[in-house]
Amino acid sequence: MRYLTAASLLTAIATTLAAPAAWACMDFEALSPTESSQLLAAAEKHLEDGQPQAVIDLLAYTPEMSSWRHGNKRMELVAIASIRLGKVDRGVRALRALLRKTPDDPFLLARLAEGLGRSKHGKAEALAILERLDQQDLMPDALGYAVLAQLLPAGKGATQAVARCEQRALKKSDCTLGS
Amino acid sequence: MPLPHLLLALLAVSGPELVAQFQCQRCHDGLAGAPPIPVERHCVHCHQEIEAGTFDAPAEVQAGWRPNLVSLRFAPDLSELGGHLRPEWVEGFLLAPIDLRPQLLATMPRLPITPPEAKILARHLVGPPSVEQPAPAPSEVEQGRVHFLRLGCGECHAYSGVLPGRGPLSSAELLSASAAKLLAPDLAHTRTRLRPEALPTLLQTPRKLRAKALMPDYTLSPEEVSALVAFVRAAPITPVPEAPPKVRLPLLSRRVSFPEIKTKIFQKHCRHCHADPDKAFGDGGPGNAGGLGYAGRGLSLVDYRAVQSGGRDDQGRRRSIFAPLPDGTPRLIAHLLARREEERGRVVLGIVGMPLGLPSLDEAELQLLESWISQGRPP
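Everything numeric in this text was worked out from a predicted model, so none of it was measured.

1. A few points about the overall build of chain A
Phase 1: Tallying secondary structure elements over chain A gives 11 helices and 0 strands in all.
Phase 2: Expressed as a percentage of its 179 residues, the buried residues of chain A come to 42%.
Phase 3: Relative to all contacts within chain A whose residues are 6 or more apart in sequence, the contacts with residues 24 or more apart total 47%.
Phase 4: Split by element, the accessible area of chain A, about 9800 Å² in all, is 58% carbon and sulfur.

If you want it as structure tokens, here you go:
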């Protein structure tokens, strides 16, 4: 099923580089590209549907993903789900680790801000991140604006953030965050 | 280009190195010695394998893809160009590509080639300048026109400014047209691009000049050859009036959301160059991860999140593709409008036209995209 997601090049390189035993071992543990992308897609859907626990249940004990990119994606989904389940510090730490590789990824930054916004001491940093994304027009989604609106003191700025959120949201109710 | 730069460039890089750097062999066959490109990254071979059903994917999947493969089914073979094209022309063409083959939707992309690099590449591909030939007699030109029409050369060749154009092929015609038909050059360019000494052989026995030639062998008489050569070299060309420019239609009043933009625009015209590496054999494509000599802008257009995350400026800092340029046009739209300009022979400085080397978006597509942007880019 090379066509689906396949890092066939990676596979080829891995086949030539890895010692036969190591390869056999990887083969035993790692998911195929198709399996890992299906798993990630299902987890992402749970997250969108507001089911963070289902994400953890699905991803926590699975074997190796098929590629480092899929591995990172798993870490990202688990981190966001953890934040939404109240394990904020754990999630924030994982997102910071991911951001070391791509320090300016707007999506990861917005989710980091979401986590920081829920933490005791992170609100100022969260606000700075989201205001910068807003200024640069790099806010990845409605949720980023919803969190920004919540962090801003009630007033013009917050109203504007809600308005922007509503522009980007599938339904307006996404922009009224419960705490 | 200052002389020291030129000398430096001439000393520093060879033709084959430049071919490898710009990945010319990702579209062109016949570049001897160029590092091979696996089919998973080859813009033409992959499309051809899918068309032939030999690509490593289930038959029904390939059948689903096939009707969508229109633009890049073929590119000219570049073997044995030596006795064929003029180096001056190749050099100019690499710096500012023009649409040579009206039936082929793809054009040679605008690559980040500098003037000294173009000189080196032209030398590498076609060798030293050619010898001029005396101009043909007008009576022979007219005789050539008669042969040309009688032999049906216009079945494949346009001759802009000399013979009436035939208008673009329908998409069904495009899908079924042969390589020879799509790759036949507009003969209006031939007098500036082809070595005049090569023309008689090309018409007499095309495969003597280049083994990979697709041009049919007509077994013409020497008189016919000489008249056709005269017609191709010297028929008076009347400037063709420019086609009316594509306009920007007023914004739509209906709501436009991202799924429509994704299927009608990004998936249709931008894929393989602004891709998700995990869905494209590990390669994000030239506009994302880099390639074809471009460093890559980190711009993926595969989903909402990616589109919102923008690209990178020359310093590597992330920037929105919707941020307005000084004249107020969002960057994304500026790149799409620049492609329209390139199609009319004008290059917009600092803005590479998108989709790179492919037909510009039509009026309805641009209208859809502009409407979506003006509505605040709903998901």
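2. Here's the deal with the domain arrangement of chain A
Residues and elements named next belong to chain A.
Phase 1: Domain assignment breaks chain A into domain 1 (19–103) and domain 2 (106–179).
Phase 2: Put simply, the middle of domain 1 and the middle of domain 2, counted by C-alpha atoms, are 24 Å apart.
Phase 3: Summing the contributions of domain 1 and of domain 2, the shared interface buries around 1100 Å²; its carbon and sulfur component is 70%.
Phase 4: Area buried by domain 1 at its contact with domain 2 is led by Arg84, Arg96 and Leu99, which between them contribute 40% of it.
Phase 5: At the surface where domain 1 touches domain 2, the tally comes to 2 salt bridges.
Phase 6: Among the salt bridges present, the one from Glu125 reaches Arg96, with a minimum N-O distance of 2.9 Å.
Phase 7: Taken together, domain 1 and domain 2 are joined by 2 residue pairs in polar contact (both at pLDDT 80 or more).
Phase 8: Within the residue set of the side of domain 1 that touches domain 2, elements represented by two or more residues are α6 (68–84) and α7 (88–101).
Phase 9: The leading source of residues in the side of domain 1 that touches domain 2 is α7, at 6 residues.

3. What about the interface of chain A and chain B?
Phase 1: The partner chain B presents 32 residues to the 26 residues of chain A that form the contact.
Phase 2: In total, chain A and chain B occlude about 2400 Å² of area from one another, counting both sides; carbon and sulfur atoms represent 47% of this.
Phase 3: Linking chain A with chain B are 6 residue pairs in polar contact (both at pLDDT 80 or more), by the criterion used here.
Phase 4: The set of elements that each furnish at least two residues to the side of chain A that touches chain B consists of α1 (2–5), α2 (8–17), α6, α8 (106–118) and α11 (156–168) of chain A.

4. Looking at the domain arrangement of chain B
All names here are of chain B.
Phase 1: Segmentation of chain B into domains returns domain 1 (3–125), domain 2 (138–234) and domain 3 (258–374).
Phase 2: With 17 residues of domain 1 at the interface, the matching set in domain 3 holds 20 residues.
Phase 3: Together, the buried faces of domain 1 and domain 3 total about 1500 Å²; carbon and sulfur atoms form 58% of this surface.
Phase 4: Among the residues of domain 1 in contact with domain 3, Arg26, Arg41 and Arg110 are the three that bury the most area, contributing 38% of the side total.
Phase 5: In this structure, the connection of domain 1 to domain 3 is made through 2 salt bridges.
Phase 6: For the pair domain 1 and domain 3, the interface holds 8 residue pairs in polar contact (both at pLDDT 80 or more).
Phase 7: Class assignment for the residues of the side of domain 1 that touches domain 3 results in 8 nonpolar, 5 polar and 4 charged.

5. Topic: unusual backbone geometry
Residue and element names in this part refer to chain B.
Phase 1: In this chain, Met354 is followed by Pro355 through a cis amide linkage whose omega measures -5 degrees.
Phase 2: Its place among the elements puts Pro355 in the loop between α16 (331–343) and α17 (363–374).
Phase 3: In this structure, His272 takes a positive phi of about 75 degrees despite not being glycine.
Phase 4: Relative to the helices and strands, His272 is located in the loop between α14 (258–270) and α15 (304–308).
Phase 5: Assessed through its relative accessible area of 45%, His272 is described here as partly exposed.
Phase 6: The backbone of Arg377 shows a phi angle near 55 degrees, a positive value even though the residue is not glycine.
Phase 7: Within the secondary structure, Arg377 sits in the segment after α17.

6. Quick word on the nonpolar core
Residues and elements named next belong to chain B.
Phase 1: If you look at the biggest cluster of nonpolar residues, it comprises 48 residues, and the most contacted ones within it are Val90 and Tyr159.
Phase 2: Those elements that provide at least two residues to this core are α2 (15–22), α5 (87–95), α6 (115–126), α7 (138–151), α11 (199–204) and α13 (222–234).
Phase 3: Sequence-distant contacts of Val90, that is, excluding residues within four places in its chain, are made with Leu85, Ala122, Leu125 and Val126.

7. Section: the packing of helix α4 (residues 33–48) of chain A against helix α5 (residues 52–59) of chain A
Residues and elements named next belong to chain A.
Phase 1: In the contact formed by α4 and α5, the axes pass within 7 Å of each other and the chain directions differ by 160 degrees. Relative to α5, the element α4 lies roughly antiparallel. α4 and α5 meet at a crossing whose hand is left-handed. Contacts between α4 and α5 pair Leu39, Leu40, Ala42, Ala43, His46 and Leu47 from the former with Pro52, Ala54, Val55, Leu58 and Leu59 from the latter.
Phase 2: In terms of residue class, the contact of α4 with α5 is built from 10 nonpolar, 1 polar and no charged.

Reading the values: the criteria
Residues numbered from 1 in each chain as written. Chains lettered and ligands numbered in written order. Predicted model: local features only at pLDDT ≥ 70, side-chain atom pairs only at ≥ 80, totals over all residues. Heavy atoms only, no water. Helix = DSSP H or I, 4+ residues; strand = E, 2+ residues; numbered from the N terminus. Buried < 20%, exposed > 50% of the residue type's maximum accessible area, 1.4 Å probe, protein only. Contact = heavy atoms within 4.5 Å. Areas by Shrake-Rupley, 256 points an atom, 1.4 Å probe, with all protein chains shown as cover. Domains from an automatic or database assignment. Buried area = accessible area lost by both parts, 1.4 Å probe. Salt bridge = Lys/Arg side-chain N within 4 Å of Asp/Glu carboxyl O. Polar contact = N/O pair within 3.5 Å; in protein donor to acceptor, adjacent residues only side chain to side chain. Nonpolar A, V, L, I, M, F, W, Y, C, P; charged D, E, K, R; others polar. Core = buried A, V, L, I, M, F, W, Y, C linked by side-chain atoms within 4.5 Å. Axes fitted to C-alpha atoms, helices over the stretch in contact; angles between N-to-C directions. Parallel < 35°, antiparallel > 145°, perpendicular 65-115°, else oblique. Left-handed = near helix turned anticlockwise from the far one by under 90°.

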